[in-house]
Amino acid sequence: MDELTMTPDRRLHATRTYGRAAFDAAAWKAPDARRFTASTAANDVASGPSLAQELRDLPRWVVIAGGGAFSALLGVMMGAAFRL
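Residues numbered from 1 in each chain as written. Predicted model: local features only at pLDDT ≥ 70, side-chain atom pairs only at ≥ 80, totals over all residues. Heavy atoms only, no water.

## Some words on the overall build of the protein
How we decide: Going along the chain from the N terminus, every DSSP run of H or I of four or more residues is numbered as a helix, and every run of E of two or more is numbered as a strand. For each residue, the accessible area found with a 1.4 Å probe, counting protein chains only, is set against the maximum for its type, and the residue is called buried under 20%, exposed over 50%, and partly exposed in between. To be clear on the numbers: accessible area is Shrake-Rupley with a 1.4 Å probe, and residue cover counts the displayed protein chains and nothing else.
Tallying secondary structure elements over the protein gives three helices and zero strands in all. Order of helices (α) and strands (β) in the protein, N terminus to C terminus: α-α-α. Relative to its full complement of 84 residues, the protein shows a buried share of 4%. By element, 63% of the accessible surface of the protein is carried by carbon and sulfur atoms, the whole surface being about 8,100 Å².

## A look at a nonpolar patch on the surface
This is how it is decided: By definition, no residue in a patch forms a salt bridge, and every one has over 30% relative accessible area; like charges are joined within 9 Å, nonpolar side chains (Val, Leu, Ile, Met, Phe, Trp, Tyr) within 5 Å. A carboxyl oxygen of Asp or Glu within 4 Å of a side-chain nitrogen of Lys or Arg is what we treat as a salt bridge.
A cluster of nonpolar side chains, namely L51, L55, L58 and V63, defines an oily patch on the protein surface of about 380 Å² accessible area. Mapping L55 onto the fold places it in helix α2 (residues 51-56).

## As for the confidence of the model for the protein
Worth spelling out the cut-off: The pLDDT value tells you how sure the predictor is about a given residue, anywhere from 0 up to 100.
Here the protein shows a mean pLDDT of 77. Residues at 70 or above account for 65%. Mean pLDDT per element in the protein: helix α1 (residues 8-18) is the minimum at 78, and helix α3 (residues 60-83) is the maximum at 94.

Laid out in structure tokens, this is it:
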């Protein structure tokens, strides 16, 4: 016999063990969707500092180094465009 076949012996064992026959139909209800509640972290508006505050808190050398890197990259791209 197939291993999954429900024999009378297996049905009796399931009834004694679990209090109901194995593989019986059971009522099932999907859980409620709680994606958009106030407790969800993704819905928190003021969870951290704003982008303007983050940029204000950067050290000045980061601004200068970032500007220099951007200028160098722009110069390379313009030079390559003029070379064509």
